[in-house]
Amino acid sequence: IASKSFKHFVKYTKDDYVFNWHHLLLIDYLQQFAEGKIKKLMVFMPPQHGKSELTSRRLPAYILGINPKAKIIGCSYSADLATSFNRDVQRIIDDEKYKDVFPDTYLNSSNVRTASNGHYLRNSDLFEIVNHRGFYKSVGVGGSLTGTPADIGIIDDPVKDAIEAESATYRARVWDWFTQVFMTRLHNDSQI
């Protein structure tokens, strides 16, 4: 059932997860998003309320399980935070419980930085799904996405703190990156 239900996937792959009413509400929307019923979804929750665990860690792993051809871009205010989400998604996919649910979605067992000899890439910036065309690429806001098409775009915390959020200059920089870099990587059927 975890292969068809995001709620059950979360519970099976993270059995210590404690659901509250707001998690169940968010999970319902994320299930609809994963099924393609929602094209654009914005999530506003206070810090430490499960937003990143569900949307930036568990959801990409679930989507790559149901569609190993999905091309996912994960972004955050810094490259460091974006790559930490990347590594977390990899850990979920590498877990034995994930393999029980989605045996056809797996990663190269080695850290591979460059594509040589037909190896699938796997590093903290980009990993590819073995025998499929799917991938997960992480980038910080302001970073390059040249040549990277996306079916799914996830932006988790595009600003670091209130100081940046209140800065007109920083907001303009984020908006320019969003419209001129991030949005140009999407196609008509992409979801964000």
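To start, this report covers the structure provided alongside it. Remember, it's a predicted structure, so these values are computed and weren't measured experimentally.

1. Digging into the overall build of the protein
Reasoning step 1: Helices and strands together make up the secondary structure of the protein, namely 7 helices and 5 strands.
Reasoning step 2: Ordered by position from N to C terminus, the α and β elements of the protein give α-α-α-β-α-α-β-β-β-α-α-β.
Reasoning step 3: Against the 2.2 N^0.38 benchmark of 16 Å for 192 residues, the protein shows a C-alpha radius of gyration of 16 Å, consistent with a compact globule.
Reasoning step 4: The principal-axis extent of the C-alpha atoms belonging to the protein is close to 50 × 45 × 30 Å.
Reasoning step 5: Across the 192 residues of the protein, 46% fall into the buried class.
Reasoning step 6: Considering only residue pairs separated by 6 or more positions, the protein has 67% of its internal contacts joining residues 24 or more positions apart.
Reasoning step 7: Per element, the accessible surface of the protein, about 10,300 Å² overall, is 52% carbon and sulfur.
Reasoning step 8: With 24 positive and 22 negative side-chain charges, the protein shows a spacing of 3 Å between the two charge centroids.

2. Focus: the pairing of strand S4 (residues 150-156)
Reasoning step 1: The buried fraction of S4 amounts to 5 of the 7 residues, a majority that puts the element mostly inside the structure.
Reasoning step 2: Of the strand pairs in this sheet, strand S1 (residues 71-76) and S4 are connected by 5 bridges, and their pairing is parallel. For Ile72, the partnering residue across the bridge sits in S4 and is Ile152.
Reasoning step 3: Sheet analysis places S4 next to strand S5 (residues 186-191), joined by 2 bridges and oriented parallel. Of the residues in S5, the one forming a bridge with Ile152 is Gln191.

3. Remarks on the environment of Arg185
Reasoning step 1: Topologically, Arg185 is positioned in the loop between helix H7 (168-182) and S5.
Reasoning step 2: Separated by 184 residues in the primary sequence, Arg185 and Ile1 place their C-alpha atoms 33 Å from one another.
Reasoning step 3: Residues contacting Arg185, with those up to four places away along its chain left out, are Ile73, Leu145, Thr146, Gly147, Thr148, Pro149 and Ala150.

4. Some details on a nonpolar patch on the surface
Reasoning step 1: Nonpolar side chains collect at one region of the surface, where Trp21, Leu25 and Tyr29 lie side by side and expose about 370 Å² of accessible area between them.
Reasoning step 2: Structurally, Leu25 can be placed in helix H2 (residues 21-34).

5. Overview of the sheet that holds S1
Reasoning step 1: Read from one edge to the other, the open sheet built from 5 strands follows the order S2-S3-S1-S4-S5, with strand pairing classed as mixed. Of all the strands in the sheet, the pair left with one neighbour each is strand S2 (126-128) and S5. Each neighbouring strand pair of the sheet contributes to a mean axis angle of 25°, computed without reference to strand direction.
Reasoning step 2: As paired elements, S1 and strand S3 (residues 135-140) share 6 bridges and run parallel to each other. Paired with Lys71 across the strands is Phe135, a residue of S3.
Reasoning step 3: Packing against the sheet, helix H3 (residues 51-66) makes contact with S1, S2, S3 and S4, and its axis sits at approximately 165° to S4.

6. Concerning the packing of aromatic side chains
Reasoning step 1: With the rule as written, the count across this model stands at 12 aromatic pairs.
Reasoning step 2: Consider the rings of Tyr98 and Phe102, whose centres lie 5.4 Å apart with planes at 55°: the pair is tilted.
Reasoning step 3: Its relative accessible area of 0% is what places Tyr98 among the buried residues.
Reasoning step 4: Through a chain of ring-to-ring contacts, three or more aromatic side chains come together here, namely Phe6, Phe9, Tyr62, Tyr98 and Phe102.

7. Examining the side chain of Thr148
Reasoning step 1: Relative to the helices and strands, Thr148 is located in the loop between S3 and S4.
Reasoning step 2: Beyond its immediate chain neighbours, meaning those up to four positions away, Thr148 contacts Ile73, Phe135, Lys137 and Arg185.

8. Digging into the nonpolar core
Generally speaking, soluble globular proteins have nonpolar side chains that are buried together.
Reasoning step 1: One finds Phe6, Phe9 and Leu64 to be the most contacted residues of the largest nonpolar core, which totals 33 residues.
Reasoning step 2: Broken down by secondary-structure element, the contributors of at least two residues to this core are helix H1 (6-13), H2, H3, helix H4 (79-94), helix H5 (96-101) and S4.
Reasoning step 3: What Leu64 contacts, discounting residues up to four positions off in sequence, is Ala70, Ile72, Ile93, Tyr98, Thr105, Phe127, Ile129, Phe135 and Tyr136.
Reasoning step 4: Ranked by size, the runner-up nonpolar core spans 11 residues in total, among them Val139, Ala150, Trp177 and Phe182.

Thresholds applied
- Residues numbered from 1 in each chain as written.
- Predicted model: local features only at pLDDT ≥ 70, side-chain atom pairs only at ≥ 80, totals over all residues.
- Heavy atoms only, no water.
- Helix = DSSP H or I, 4+ residues; strand = E, 2+ residues; numbered from the N terminus.
- Rg over C-alpha atoms; globule rule 2.2 N^0.38 Å.
- Buried < 20%, exposed > 50% of the residue type's maximum accessible area, 1.4 Å probe, protein only.
- Contact = heavy atoms within 4.5 Å.
- Areas by Shrake-Rupley, 256 points an atom, 1.4 Å probe, with all protein chains shown as cover.
- Lys, Arg positive; Asp, Glu negative; His and termini not counted.
- Charge placed at Lys NZ, Arg CZ, Asp CG, Glu CD.
- Pairing = 2+ DSSP bridges.
- Patch = residues over 30% accessible without salt bridge, like charges linked within 9 Å, V, L, I, M, F, W, Y side chains within 5 Å.
- Salt bridge = Lys/Arg side-chain N within 4 Å of Asp/Glu carboxyl O.
- Axes fitted to C-alpha atoms, helices over the stretch in contact; angles between N-to-C directions.
- Phe/Tyr/Trp six-rings, centres within 6.5 Å; stacked < 30°, edge-to-face > 60°.
- Core = buried A, V, L, I, M, F, W, Y, C linked by side-chain atoms within 4.5 Å.

Geometric descriptors of this kind do not, in isolation, establish any biological role.
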